[in-house]
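Observations on the model geometry
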Amino acid sequence: MVAFLALPVGLYALFVLSPYVQAIYISMTDWTGLTGDQTFLGLDNYVRLAGDGQFLIALRNNGILLVVVPALTVLLGLFFASMLNVGRRGRSGIEGVRGSKVYRVVYFFPMVLSVSIVGVLFKYVFAPTEAGGVFNGILRGIGLESLTAPWLGDPAFAFWIVVLVMVWSFVGFYVVLFSAAMQSIPKEIYEAALLDGATRFHTFRHVTMPLVWDTVQVGWVYMAIQAMDAFALVHIMLGIGGGPSRDGDVLGLALYRSAFNDYRFGYASAIGVVLLLLTLVVSAVFLRAARRERVELS
């Protein structure tokens, strides 16, 4: 048994654990990434992070992403999946709303697009009027020109637009995921709930949610991890600086700038270690807080 496990465990240690160990060590040095010379600094890079105002802005934004994006995505995914599977009572019993098959394709369509395409698309949607911004053009077309704004150039809107785009791009996957879980629930349970006088809200709360909770739990943690990796979307939509006044900065961008703009690979590795620890802590806390007795169909 040990002989069979030696090779896969060795490969896992070499290609997975070893890079983590190296990154932690590099985070305690002043390595520039350009030469082999490096000086061991201990925890100095982490002390500098605590006093770096831009790092704290990026950390705050990642915290917002961890809370807002999973919450909106999962809630919208549950709502749409519920409508597509048990949204009405038809002739053959409980079924989805009319046109549910078409809606599934529409909701899932954003998942077909790569992050780069989504970022470029919405960058032009929210571009200034002078640059042919689609959203401003719509506002002008319906007589609401006074509401037009340089959306991605305004610190008050830029980061929140990225949040909405992230939710839009991810919600389709969770609609499909939760739909698959709901389709395994016998329709007779919903019929019995309706006969007992249960409203749609009570049916969703006391029937649907307990039976799909395991899927929701896994989906929430996965979404939190995805929300932490906002580097590509923020980079494309707001630029390498994180938008106006760098108010839309995230940890991934801060890491990139430190490594490839400032050539401070040791400092960038410290940011990466903080990002790793934050992801692990959030995942562990949520799995612990969301743990509940499993409900099974008999």
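Sequence order as written defines residue numbering, which begins from 1 separately in each chain. Since the coordinates come from a predicted model, pLDDT governs what is reported: local features require at least 70, and pairs of side-chain atoms require 80 or more to be given and counted, while whole-chain, interface and lining totals use all residues. Just so you know, side-chain values use all the structure's heavy atoms and leave hydrogens and water out.

**Thoughts on the overall build of the protein chain**
Secondary structure elements follow DSSP: runs of H or I of four or more residues count as helices, runs of E of two or more count as strands, with numbering from the N terminus. Scanning the protein chain for helices and strands turns up 12 helices and two strands. Walking the protein chain from its N terminus toward its C terminus, one meets helices and strands in the order α-α-α-β-β-α-α-α-α-α-α-α-α-α. Each residue's exposure class comes from its accessible area (1.4 Å probe, protein chains only) as a fraction of the maximum for that residue type: buried when under 20%, exposed when over 50%, partly exposed otherwise. In the protein chain, buried positions account for 38% of the 298 residues. The contact rule is simple, with two residues in contact once any of their heavy atoms fall within 4.5 Å. Nonlocal contacts in the protein chain, meaning residues at least 24 apart in sequence, comprise 67% of its contacts between residues at least 6 apart. Only the protein chains shown count as covering a residue, and every accessible area follows the Shrake-Rupley method with a 1.4 Å probe. Accessible surface, the protein chain as shown: approximately 16800 Å² in total, 67% of it carbon and sulfur.

**A word on the side chain of Thr-208**
Within the secondary structure, Thr-208 is located in helix 9 (residues 200–228). Relative accessible area serves as the criterion here: at 1%, Thr-208 is assigned to the buried category. Setting aside anything within four residues of it in sequence, one finds Thr-208 in contact with Met-182, Ile-185, Tyr-190 and Thr-203.

**Quick word on helix 11 (residues 251–261)**
Among the residues making up helix 11, those that are buried are Leu-251, Gly-252, Leu-253, Ala-254, Arg-257, Ser-258 and Ala-259. Each element contacted by the buried residues of helix 11 is listed here: helix 3 (53–86), helix 10 (231–238) and helix 12 (265–289).

**Quick look at the nonpolar core**
Formed by 44 residues in total, the largest nonpolar core has its most connected members in Leu-65, Val-69, Leu-78, Met-166, Phe-178 and Met-237. Here the element with the most residues in this core is helix 7 (residues 158–183); it accounts for 13 residues. Each residue touching Met-237, except ones within four places of it in the same chain, is listed here: Gly-119, Phe-122, Lys-123, Leu-152, Ile-161, Val-162 and Val-165. What is meant by a nonpolar core is a set of buried Ala, Val, Leu, Ile, Met, Phe, Trp, Tyr and Cys residues, joined one to another through side-chain atoms within 4.5 Å. Ala-58, Ala-224, Met-228 and Tyr-267 belong to the second-largest nonpolar core, a separate cluster that totals 13 residues.

From the geometry alone we can't say anything about function, so treat these as descriptive.
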